[in-house]
Amino acid sequence: MSSTASGKNGTWRNWCGNVAARPARQVAPASVEELAEAMRRAREDGLKVKAVGTGHSFTSIAATDGVLIRPQLLTGIRNIDREAMTVTVEAGTPLKRLNAALAREGLSLTNMGDIMEQTVSGATSTGTHGTGRESASIAAQIKGLELVTADGSVLSCSEKQHADVFAAARIGLGALGIVTAITFAVEPLFLLTAREEPMPFERVAAEFDQLWAENEHFEFYWFPHTGNTNTKRNNRSAGPEQPVGQLAGWFEDELLSNGVFQVAQWVGRAVPAAVPAIAQVSSKALSARTYTDIPYKVFTSPRRVRFVEMEYAVPRAALVETLRELKTMVDRSDLRVSFPVEVRTAPADDITLSTASGRDSAYIAVHMFRGTPYQAYFTAAERIFTAHEGRPHWGKVHTRDAEYFARVYPRFGEFTALRDRLDPDRLFQNDYLRRVLGA
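Focus on the pairing of strand S11 (residues 154–157)
Inference 1: Residues of S11 alternate between two faces, with Leu155 and Cys157 buried on one and Val154 and Ser156 left unburied on the opposite face.
Inference 2: Between strand S10 (residues 142–148) and the antiparallel strand that follows it, S11, lie 5 residues; Gly152 among them carries a positive phi value of about 90°.

Overview of the packing of helix H9 (residues 319–332) against helix H10 (residues 375–387)
Inference 1: Axis separation between H9 and H10 bottoms out at 10 Å; the angle between their running directions is 150°. Here H10 runs roughly antiparallel to H9, going by the angle between their axes. Where H9 crosses over H10, the handedness of that crossing is right-handed. Contacts between H9 and H10 involve Thr322, Glu325, Leu326, Met329 and Val330 on the former and, on the latter, Tyr377, Ala380, Ala381, Ile384 and Phe385.

Let's talk about the sheet that holds strand S19 (residues 341–346)
Inference 1: Spatial strand order, S17-S14-S16-S15-S19-S20-S18-S21: 8 strands in an open sheet with antiparallel pairing. Looking at the sheet topology across the chains shown, the edges are occupied by strand S17 (289–293) and strand S21 (391–392).
Inference 2: Where strand S15 (residues 217–222) lies against S19, 3 bridges are found, and the strand directions are antiparallel. If you follow Tyr221 over to S19, its bridge partner there is Glu342.
Inference 3: Lying on the sheet, helix H5 (residues 201–214) is in contact with strand S14 (191–200), S15, strand S16 (228–237) and S19; it crosses S14 at an angle near 160°.

Re helix H12 (residues 412–422)
Inference 1: Taken residue by residue, H12 has Phe412, Phe415, Thr416, Leu418, Arg419 and Leu422 as its buried positions. For H12, the angular spread of the buried residues around the axis is 160°, confining them to a single face.
Inference 2: Buried positions along H12 lie against S11, helix H4 (163–169), helix H11 (402–408) and helix H13 (431–437).

A look at the pattern of salt bridges
Inference 1: Tallied over the full model, the rule gives 28 salt bridges.
Inference 2: Where Arg25 meets Asp45, a salt bridge forms, and the shortest distance between an N and an O atom there is 2.9 Å. With Arg25 in strand S4 (residues 25–27) and Asp45 in the loop between helix H1 (32–44) and strand S5 (49–51), the pair connects residues that are 20 residues apart, well separated along the chain.
Inference 3: Taking relative accessible area as the criterion, Asp45 reaches 44% and is therefore assigned partly exposed.
Inference 4: Of the charged contacts, one joins Arg289 and Glu196 as a salt bridge, the two residues approaching to 2.8 Å between their closest N and O atoms. Residue Arg289 is found in strand S17, and its partner Glu196 is found in strand S14; the two are separated by 93 residues along the sequence.

A few points about a nonpolar patch on the surface
Inference 1: On the surface, Val263, Trp266, Val267 and Val271 cluster together into a nonpolar patch covering about 340 Å² of accessible area.
Inference 2: Turning to its location among the elements, Val271 is positioned in the loop between helix H6 (246–270) and helix H7 (275–282).
Inference 3: Among the residues examined, Val271 registers a relative accessible area of 42% and is labelled partly exposed.

What about the packing of aromatic side chains?
Inference 1: Under the criterion given, the structure shown has 15 aromatic pairs.
Inference 2: Look at Phe218 and Phe220: their rings are 5.9 Å apart centre to centre, the planes differ by 35°, and that puts the pair in the tilted class.
Inference 3: With a relative accessible area of 2%, Phe218 lands in the buried category.
Inference 4: Judged by relative accessible area, Phe220 falls into the buried class, the value being 2%.

Conventions used here
- Residues numbered from 1 in each chain as written.
- Predicted model: local features only at pLDDT ≥ 70, side-chain atom pairs only at ≥ 80, totals over all residues.
- Heavy atoms only, no water.
- Buried < 20%, exposed > 50% of the residue type's maximum accessible area, 1.4 Å probe, protein only.
- Helix = DSSP H or I, 4+ residues; strand = E, 2+ residues; numbered from the N terminus.
- Pairing = 2+ DSSP bridges.
- Axes fitted to C-alpha atoms, helices over the stretch in contact; angles between N-to-C directions.
- Parallel < 35°, antiparallel > 145°, perpendicular 65-115°, else oblique.
- Left-handed = near helix turned anticlockwise from the far one by under 90°.
- Contact = heavy atoms within 4.5 Å.
- Arc of directions from axis to C-beta.
- Salt bridge = Lys/Arg side-chain N within 4 Å of Asp/Glu carboxyl O.
- Patch = residues over 30% accessible without salt bridge, like charges linked within 9 Å, V, L, I, M, F, W, Y side chains within 5 Å.
- Areas by Shrake-Rupley, 256 points an atom, 1.4 Å probe, with all protein chains shown as cover.
- Phe/Tyr/Trp six-rings, centres within 6.5 Å; stacked < 30°, edge-to-face > 60°.

Next up, the structure:
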């Protein structure tokens, strides 16, 4: 995945290309002081301020016609505290660089999502997560953060300092201030053994609770128009390290999962009637494999085929029923869905607007190849998800508004009250925040 692109005439576009904006100016501060000065100037000029990472959100959460803050100069590790087992990192640091740097120090995050191109602040502010029985999202691993608020104040937040801000700002949607540094909990570097294998949809549905309970990290992909899934189980291992071979990794992860899959998507977009047949072939293309490696090399995968995505978190107990309803909807419709549906889980956490806030959750992500009409599929899927009190990922396509979120987030009022206090003049406002949080 590549980072954000700036087009002609200063136009900013996200990774997928479905969101574009023309900010009045773009600023890349090299320090907290320079950031505060950029914000002061924006206030004087009557402009809104938004920060953007690498643009991997599919929503307009970072779009603005005001001042766009680019954090590429706010990068690197500030401090590693081996006694507290924490690392403090600048907000613009890509997860990819953080993971590699931690590995060199013999350290690791406990869990992470399946891509690592995002900045740490972008990933946490939108609620990026992986899958885990006990280990939660990236934001749930935060022990402290530094936040520049609308009046230029710099707040250091933790469970002991500005605890109310800490509870919300770990997934702050860019609505409370601009995050400039994050302190994560880390642990000694460990090994994970990944077991990937095809499995019939009906078996996964019937045995989901057991598969979830028996594995530290379980996820699967269901291929619409088929009864097939690919499953992945990650568990800690004593070793020895046995990574995927270079040739095998290129063949499966690059040639099949990206190159051939890209061609299949082109064909499906051009000839929608061919999609079910393509799905049958795609669902059987990858064979079973087992490998052991350091965490980020197991958790993450290259994603080079561009797509649009919607993802909802439903109560974990409702996953199988929700997924069956989704499958029935696709089977009975005229839809042609060429991308697999991704399913993951997370334990309940205590972050105010986390999609797993206060409840054990399962995530169902639906995708469509970029340039393929997706509205009918996503609308039908969203109708199913919301019937189960689903909570959409903040950085992925959805149509929900503040009224809906007030119903599905018991602490929604806490967040909006804090926003009123920290940003009463709505310096960080944009159309997306106006919709999801209210005026």
